[in-house]
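Below are the chains, spelled out letter by letter.
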Amino acid sequence: MSKSFRFQTSLKHTRGFGSGKSGTGHFWQQRVTGAAALLLSLVYVVLLIKLQGDDYGAVIATLGNPFVAVLMLAFLGVSIWHMKIGMQVIIEDYVNQPLLRVLALMANSFFSALVGIASAVALIKITFGA
Amino acid sequence: MADARLAASRPLSPHLQVFRFILTMAMSIVHRMTGGFLYVGTVFVAIWLIAAASGPEWFARVDGVYQSWIGRLILLGLVWSLIHHAIGGVRHFIWDLGYGFDKKTADRMALFNLVAGVLLTGVVAIAAFVFA
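Residues numbered from 1 in each chain as written. Chains lettered and ligands numbered in written order. Predicted model: local features only at pLDDT ≥ 70, side-chain atom pairs only at ≥ 80, totals over all residues. Heavy atoms only, no water.

### Quick notes on the interface of chain A and chain B
In step 1: Counting residues at the interface gives 38 residues for chain A, matched by 29 residues for chain B.
In step 2: For the pairing of chain A and chain B, the buried interface totals around 2,900 Å² over both sides, and the portion due to carbon and sulfur atoms is 74%.
In step 3: Area buried by chain A at its contact with chain B is led by I49, Q52 and Y56 of chain A, which between them contribute 20% of it.
In step 4: At the boundary of chain A with chain B, the tally comes to two salt bridges. (Contact = heavy atoms within 4.5 Å. Buried area = accessible area lost by both parts, 1.4 Å probe. Salt bridge = Lys/Arg side-chain N within 4 Å of Asp/Glu carboxyl O.)

### Comments concerning the environment of L123 of chain A
Residue and element names in this part refer to chain A.
In step 1: Summarising the element assignment, L123 is placed in helix α4 (residues 98-127).
In step 2: The class for L123 is buried, based on a relative accessible area of 0%.
In step 3: As a C-alpha pair, L123 and A69 span 54 residues in sequence and 6.5 Å in three-dimensional space. (Helix = DSSP H or I, 4+ residues; strand = E, 2+ residues; numbered from the N terminus. Buried < 20%, exposed > 50% of the residue type's maximum accessible area, 1.4 Å probe, protein only.)

### Thoughts on the nonpolar core
In step 1: Judged by nonpolar contacts, the single largest core of 39 residues is most densely connected at L63, M72 and L76 of chain A together with W48 and L49 of chain B.
In step 2: Of all the secondary structure elements, the ones that give two or more residues to this core are α1 (23-51), α2 (56-64), α3 (66-94) and α4 of chain A together with α2 (23-53), α3 (56-67), α4 (69-96) and α5 (103-131) of chain B.
In step 3: Not counting chain neighbours up to four residues away, the residues in contact with L76 of chain A comprise S119 and L123 of chain A together with V45 and L49 of chain B. (Core = buried A, V, L, I, M, F, W, Y, C linked by side-chain atoms within 4.5 Å.)

### Regarding the packing of aromatic side chains
In step 1: Per the stated rule, a full pass over the model turns up five aromatic pairs over all chains.
In step 2: Between Y44 of chain A and F75 of chain A the ring centres are 4.5 Å apart and the planes differ by 25 degrees, which places this aromatic pair in the stacked class. One end of the pair, Y44 of chain A, is in helix α1; the other, F75 of chain A, is in helix α3, with 31 residues separating them in the sequence.
In step 3: Residue F75 of chain A is classed as buried on the basis of its relative accessible area, which comes to 7%.
In step 4: Through a chain of ring-to-ring contacts, three or more aromatic side chains come together here, namely Y56 of chain A together with W48 and F59 of chain B.
In step 5: Between R61 of chain B and the ring centre of W58 of chain B, over which it is positioned, the NZ or CZ distance is 4.6 Å. (Phe/Tyr/Trp six-rings, centres within 6.5 Å; stacked < 30°, edge-to-face > 60°. Lys NZ or Arg CZ within 6 Å of the ring centre and 35° of its normal.)

### Comments concerning the packing of α3 of chain A against α2 of chain B
In step 1: In contact at an axis separation of 10 Å, α3 of chain A and α2 of chain B are set at 140 degrees when each is read in the N-to-C sense. As the angle between them shows, α3 of chain A and α2 of chain B are arranged oblique. Considering only the axes of α3 of chain A and α2 of chain B, their crossing is left-handed. The residues of α2 of chain B that touch α3 of chain A, namely those facing M72, L76, M83, M87, V89, I90, D93 and Y94 of chain A, are R32, Y39, T42, V45 and L49 of chain B.
In step 2: Tallied by class, residues from the contact of α3 of chain A with α2 of chain B come to 10 nonpolar, one polar and two charged. (Axes fitted to C-alpha atoms, helices over the stretch in contact; angles between N-to-C directions. Parallel < 35°, antiparallel > 145°, perpendicular 65-115°, else oblique. Left-handed = near helix turned anticlockwise from the far one by under 90°. Nonpolar A, V, L, I, M, F, W, Y, C, P; charged D, E, K, R; others polar.)

### Let's talk about the packing of α2 of chain A against α4 of chain A
Residues and elements named next belong to chain A.
In step 1: Look at α2 against α4: their axes get within 8 Å of each other, and the N-to-C directions meet at 100 degrees. With respect to α4, the element α2 is oriented roughly perpendicular. Taking contact as the criterion, the partners of I60, L63 and G64 in α2 are, on α4, L123, I126 and T127.
In step 2: By residue class, the composition of the contact of α2 with α4 is four nonpolar, two polar and no charged.

### Notes on the side chain of T62 of chain A
In step 1: The topology assignment puts T62 of chain A in helix α2.
In step 2: Among all residues touching T62 of chain A, those that are not within four sequence positions of it are L47, K50, L51 and V68 of chain A.

### Notes on the confidence of the model for chain B
In step 1: Averaged over all residues, the pLDDT of chain B is 90; the fraction at 70 or higher stands at 89%.
In step 2: Model confidence for the complex: the whole-complex pTM is 0.84, and ipTM, which rates the interface, is 0.84. (pLDDT = per-residue confidence, 0-100.)

### As for the environment of T121 of chain B
All names here are of chain B.
In step 1: Along the chain, T121 falls in helix α5.
In step 2: A sequence separation of 42 residues divides T121 from V79, and the C-alpha atoms of the two residues are 6.4 Å apart.
In step 3: Look past the residues within four positions of T121 in its chain and what remains in contact with it is L76, V79, W80 and I83.

In structure tokens form, the structure reads like this:
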């Protein structure tokens, strides 16, 4: 790769996206969020089946239930973290051009944050009955 | 630069095109693909929740799109992706614990993942139909 676009100095040997940095930590996060998402997705699928055919009032009542809202927030939180670090690995695997890689990693962070915040704001608004 | 020489002489990992197509490698690709589908799918969840939080008119509008045949098809695809990816995750947990590495077991787990994913998606679809 060319050195035309480099954010990293020689410190990259100990920091940055080098494989020596946080490989196992990342791996472990993927496992923990995966395990949490696995359990919470069962709740999510059952919830979606239950909401089938419900009218607006019933949907709001169900989503507004604090118990449901907590589980939904937990599900979305761990799932979005799981998908963010998962997509990061895919980008690091396939996007080799340095500028493109940095932009893709940033876009991944922005997208994940936006989807997470949007879902959280909506759920909190419904729960607080605004 | 010393850096560049080092990079050039580093051994390259063989990639997809040099391998014979086998079930476990196909399942590895499908696991990533379903993960990718779910990544995009979160947008549908967020839009649905925002619509629900924005009042009955917005909810009805989004609900109308999601209930269309193309909407249902996408949602069914996402349900399959979630279930397939979840079972694939369990497969990874089994490997993480140190089991299932021999060829026969790995193949059997892959096949189970594929079949169970489709069957459970059918169960969810039927359940959703029954409760609707």
